[in-house]
Amino acid sequence: MEDFVNKDAALDAVRKLHIGLDWDGEAALHVKRLLARDGEGHLLPTARFFTKTGETRGMMLVGDPGSGKSHLMDRTLTKIPELAPADDGVPRVIACPVPSPATFKSMTLALLERSGYPDANPRQEAWSLWQLFRHRLSKLGVAVLWIDEAQDLFCADRKAILRALKSLMQGDDAVAVILSGTEDLAQVIRTDPQVKRRFTAMVLPELTEAAHGDMFRTVMADYCARVDLEPPVEADLVARVFHGARYRFGRAVELLLVAMEFAIARNAEHLTIDDFASAYAMNEACVASQNVFYANHYLLLKPDADEEAVAFPKRRSGKGRT
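All values derive from a computational prediction rather than experimental measurement.

What counts, and where the lines are drawn
Residues numbered from 1 in each chain as written. Predicted model: local features only at pLDDT ≥ 70, side-chain atom pairs only at ≥ 80, totals over all residues. Heavy atoms only, no water. Helix = DSSP H or I, 4+ residues; strand = E, 2+ residues; numbered from the N terminus. Buried < 20%, exposed > 50% of the residue type's maximum accessible area, 1.4 Å probe, protein only. Contact = heavy atoms within 4.5 Å. Areas by Shrake-Rupley, 256 points an atom, 1.4 Å probe, with all protein chains shown as cover. 1 Å grid on protein atoms, 1.4 Å probe; cavity = no way out; pocket = protein on both sides within 12 Å on 5 of 7 lines; lining within 4 Å. Points joined across faces, edges and corners; volume = space filled by probe spheres on them. Nonpolar A, V, L, I, M, F, W, Y, C, P; charged D, E, K, R; others polar. Axes fitted to C-alpha atoms, helices over the stretch in contact; angles between N-to-C directions. Parallel < 35°, antiparallel > 145°, perpendicular 65-115°, else oblique. Core = buried A, V, L, I, M, F, W, Y, C linked by side-chain atoms within 4.5 Å. Domains from an automatic or database assignment. Buried area = accessible area lost by both parts, 1.4 Å probe. Salt bridge = Lys/Arg side-chain N within 4 Å of Asp/Glu carboxyl O. Polar contact = N/O pair within 3.5 Å; in protein donor to acceptor, adjacent residues only side chain to side chain.

A. How the structure looks around the overall build of the protein chain. Secondary structure assignment for the protein chain yields 13 helices and 7 strands. Taking all 322 residues of the protein chain together, the buried fraction comes to 45%. Here the contacts in the protein chain between residues at least 6 apart in sequence split such that 68% fall between residues at least 24 apart. Here the protein chain has roughly 17,200 Å² of accessible surface; of this, 51% comes from carbon and sulfur atoms.

Below, the structure is given as structure tokens:
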């Protein structure tokens, strides 16, 4: 029992680890170019103006659900010293996920609360609230605004939100804007040329065994060592993990962590493919024949087939209607 408790505690510590990847450097490059520099080239905790008329710029971090984009951006912003809170605790970055329901007003109210202004009147007109938020940014000296899962924000009030984003990136108190979300976000931004030219884009790649297999094996070995487990030995395991995780890094790591839970629960010395199969079955509620860790021809399985059928139901034939 004591061994289980120790391993379980070690696994909790593993969950808090950050896995350094090449994407870290690319994300940091995108963010740092949005910040001003002094005469010696040192970063400053203010947004950089890219035009004589006082315009800042922004970036989009695009990835599928479960790709790890939110964790990556949070880590990137945290690791840039110039974006740490000021000595008096005033933030240089305001970060906020899109609330539900996602409207221009609900987003603005959420941003005001994150800025330390919790008493905004929800009956106030949306654009008036947005001007209040702009004033808060200027008063606090915020350099960067990060909106996560931003694709949900454009389901309603698209034109107003695009206009609002442009307003944040103009004038003496302009800030840099970071949006993270799915490909739907990129498609929306592309519809407005004035907004599009203000944003660079970083797209998180899908996992492939050729490019990322060795990296993931190293991660597995490191994680297993931290909880006193022997890593799995099955030759095709990583390919199965990637397929079951929809080739998304965050989902692959989560699948690994749940598999380790199963191994620890059975007091095992080795992490095996059966632990991954159990983790996959629990997450997917699938039968053995549809489990990517059991099926011989696992690449023929389509884990999201049921979701796609719900999202895109077949149209009924007109035959037989009266």
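B. Quick look at the layout of surface pockets. Roughly 360 Å³ of volume is contained in the largest pocket. Lining the largest pocket are 20 residues; nearest its centre among them are Leu17, His71, Phe249, Gly250 and Val253. Of all the secondary structure elements, the ones that give two or more residues to the lining of the largest pocket are helix 1 (2-15), helix 2 (22-32), helix 3 (69-79) and helix 11 (249-265). Among the elements that take part in the lining of the largest pocket, helix 11 stands out by supplying 5 residues, more than any other. Class assignment for the residues of the lining of the largest pocket results in 11 nonpolar, 5 polar and 4 charged.

C. Here's a closer look at helix 10 (residues 237-244). Burial analysis of helix 10 places 8 of its 8 residues in the buried class, the great majority of the element. Taken together, the buried positions of helix 10 are occupied by Leu237, Val238, Ala239, Arg240, Val241, Phe242, His243 and Gly244. Next to the buried residues of helix 10 lie helix 9 (209-226), helix 11 and helix 12 (273-284).

D. Examining the packing of helix 9 against helix 10 more closely. Between helix 9 and helix 10, the shortest axis-to-axis distance is 10 Å and the interhelical angle comes to 105°. When the interaxial angle is binned, helix 9 and helix 10 end up roughly perpendicular. Only Leu237, Val238, Ala239, Val241 and Phe242 of helix 10 make contact with helix 9, whose side of the interface consists of Glu209, His212, Gly213, Phe216, Arg217 and Met220. Split by residue class, the contact of helix 9 with helix 10 holds 7 nonpolar, 2 polar and 2 charged.

E. Geometry of the nonpolar core. Among the nonpolar cores identified, the biggest contains 64 residues, and Phe276 and Phe293 are the most heavily contacted of them. A total of 11 residues in this core trace back to one element, the largest contributor, which is helix 11. Each of two domains, domain 1 (22-203) and domain 2 (207-304), supplies a minimum of three residues to this core. Leaving out residues up to four positions away in the same chain, Phe293 has contacts with Leu237, Arg240, Val241, Leu255, Ile273, Phe276, Ala277 and Tyr280. By size, the runner-up hydrophobic cluster in this structure holds 40 residues, among which are Phe104, Val142, Ala150 and Leu168.

F. Examining the domain arrangement of the protein chain more closely. If you check the domain split of the protein chain, you get domain 1 (22-203) and domain 2 (207-304). The distance between the C-alpha centroids of domain 1 and domain 2 comes to 35 Å. Taken together, the contact between domain 1 and domain 2 spans 6 residues of the former and 6 residues of the latter. Together domain 1 and domain 2 conceal approximately 420 Å² of surface at their shared face, both sides included; 61% is due to carbon and sulfur atoms. When the buried surface of domain 1 facing domain 2 is broken down by residue, Trp23, Pro65 and Gly66 rank first, second and third, together holding 71% of it. Our count for the domain 1 to domain 2 interface comes out at 1 salt bridge. Asp64 is paired through a salt bridge with Arg248; the nearest N and O atoms lie 3.9 Å apart. Where domain 1 meets domain 2, there are 3 residue pairs in polar contact (both at pLDDT 80 or more). Considered class by class, the residues forming the side of domain 1 that touches domain 2 number 2 nonpolar, 3 polar and 1 charged.

G. Looking closely at empty space enclosed by the protein. On inspection of all chains with the given rule, the structure shows 1 cavity of 30 Å³ or more. Taken together, the elements giving at least two residues each to the lining of the largest cavity come down to helix 4 (104-114) and helix 6 (158-168). Its residues assigned to classes, the lining of the largest cavity comprises 7 nonpolar, no polar and no charged.

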